[in-house]
Amino acid sequence: MASHTCAAAFLWLNLFFILITSSNGKVPAIIVFGDSSVDAGNNNQVPTIARSNFEPYGRDFAGGKPTGRFSNGRIATDFISEKVGLRPTVPAYLDPAYNISDFSVGVTFASAGTGYDNATSDVLGVIPLWKELEYYKEYQGRLRAYLGEEKANDAITNALYVISMGTNDFLENYYTLPETRSQYTVDAYQTFLIGIARNFIINLHSLGARKISLGGLPPMGCMPLERAQNLANDNDCMETYNIVAMSFNGKLYDLVRKLNKEIPGLQLVFSNPYYVLLQIITKPSLYGFEVSQMACCATGMFEMGYACNERNPLTCTNANKFVFWDAFHPTEKTNQIVADHVIKTALYKFL
Ligand SMILES: *[C@@H]1O[C@H](CO)[C@@H](O)[C@H](O)[C@H]1NC(C)=O
Ligand SMILES: *[C@@H]1O[C@H](CO)[C@@H](O)[C@H](O)[C@H]1NC(C)=O
């Protein structure tokens, strides 16, 4: 009698564990869309100057390898992948060194220099967002052939999708191209971009995605490149750009709330890097940094991509003391802090 009860209790316990482990969605893969904040080398395969597959990029990456990540080491999505129990790096879909077996647990379709607006990706001839989605569709086909229909569908449904872009739409496009400014007020342009983000998420959902993180803009007026142009204000952050970033983030947040109401089963979260980055930039010593106004590479004011050159004698020796690696992109250490922050404040729901 007693042993029967015991066996039954064991069965129940097992069933209970099976239930919580399967329903409490472990993330089987991380799938990324976006710009240089999350590109791991797709642009190496694209004829564009928006590249970083040369030294000193990647000098703190495994093997000191320049991969095409715009950083001295790993980027935020690499840290997120590791934190959710997957691989320590998320490879680029176009990188010939990886195949579908690698991509089945993590892949990025991101392209440095791109944005929501087609006109943004046109500036440097990089991969537009619609094309990132086409690559994702092709990936689904390859994944089904590799894993089989059932396992592939499970991976597609339970994967964590990360979307990170928008900065280039403003800095590379709106505030650089007179055509865009003559066509839209900044508020109307934001609304235009939000419409594209909305369609993108609806398309992603109809392709099977459920757990989606929509990333907000950083305080883009504090990037060293923008500060370097703010001579009138002592190289302070460009306040206008920060205000635009905040108001765009507000609109992204509204979009997230609305889409979660409209689409049953969608689990969309807003990952906001703005305030943590602003805090790091204004109080770098709290995080162990020494410099936040200038970047590590070269003069730290203008250089990125090919201008961030290995022969520049001014490049810092310890990137961990710097918030920014080049004039537009954070160091690995900053990326890790931001990744930890968005996991704690938004992505924890999926873990
Ligand atoms: C992927 O590449 C690895 C080695 O790099 C190889 O062992 C494996 O068979 C490949 N898998 C597929 C599905 O092509
Ligand atoms: C961007 O370009 C693609 C391909 O030409 C097109 O299908 C899409 O409608 C364009 N997006 C917008 C918002 O115009």
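None of the values given here were measured: they were computed from a predicted structure. (Residues numbered from 1 in each chain as written. Chains lettered and ligands numbered in written order. Predicted model: local features only at pLDDT ≥ 70, side-chain atom pairs only at ≥ 80, totals over all residues. Heavy atoms only, no water.)

Participant: Talk me through the site of ligand 2; I want residue IDs and the actual numbers.
Facilitator: As a matter of local geometry, ligand 2 sits amid Asn118, Trp130 and Ile196. One of the side-chain nitrogen or oxygen atoms of Asn118 is found 2.3 Å away from an oxygen atom of ligand 2. One of the side-chain N or O atoms of Trp130 is found 3.5 Å from an oxygen atom in ligand 2. (Near = heavy atom within 4 Å. Polar contact = N/O pair within 3.5 Å; in protein donor to acceptor, adjacent residues only side chain to side chain.)

Participant: Any details on unusual backbone geometry? Residues and values, ideally.
Facilitator: Note the cis peptide between Glu55 and Pro56, where omega equals 10 degrees. Mapped onto the elements of the fold, Pro56 is located in the loop between β1 (30-34) and α2 (76-83). Phi is positive for Asn235, which is not a glycine, with a value near 55 degrees. Note on placement: Asn235 falls in the loop between α10 (224-228) and α11 (239-262). (Helix = DSSP H or I, 4+ residues; strand = E, 2+ residues; numbered from the N terminus.)

Participant: How would you summarise the site of ligand 1 if you had to cite specific residues and measurements?
Facilitator: The full set of residues close to ligand 1 is Asn99, Ile100 and Tyr146. Within the side chain of Asn99, an N or O atom sits 2.3 Å from an oxygen atom of ligand 1. Calculation on ligand 1 without its partners gives an accessible area of 360 Å², and the protein chains cover 31% of this total. (Areas by Shrake-Rupley, 256 points an atom, 1.4 Å probe, with all protein chains shown as cover.)

Participant: Residue-level account of the state of the cysteines, with values.
Facilitator: The final tally for this structure, using the stated rule, is three disulfides. Between Cys222 and Cys237 runs a disulfide, and the two sulfur atoms are separated by 2.2 Å. One disulfide, between Cys222 and Cys237, carries an S-S torsion of 110 degrees and so falls in the right-handed class. Residue Cys222 is located in the loop between β4 (211-215) and α10, and its partner Cys237 is located in the loop between α10 and α11; the two are separated by 15 residues in the primary sequence. Here Cys222 matches Cys237 in class, with each residue buried. Linked covalently through their sulfurs, Cys297 and Cys308 form a disulfide whose S-S length is 2.1 Å. Judged by the torsion about the S-S bond (105 degrees), the Cys297/Cys308 disulfide is right-handed. (Disulfide = S-S within 2.5 Å. Buried < 20%, exposed > 50% of the residue type's maximum accessible area, 1.4 Å probe, protein only.)

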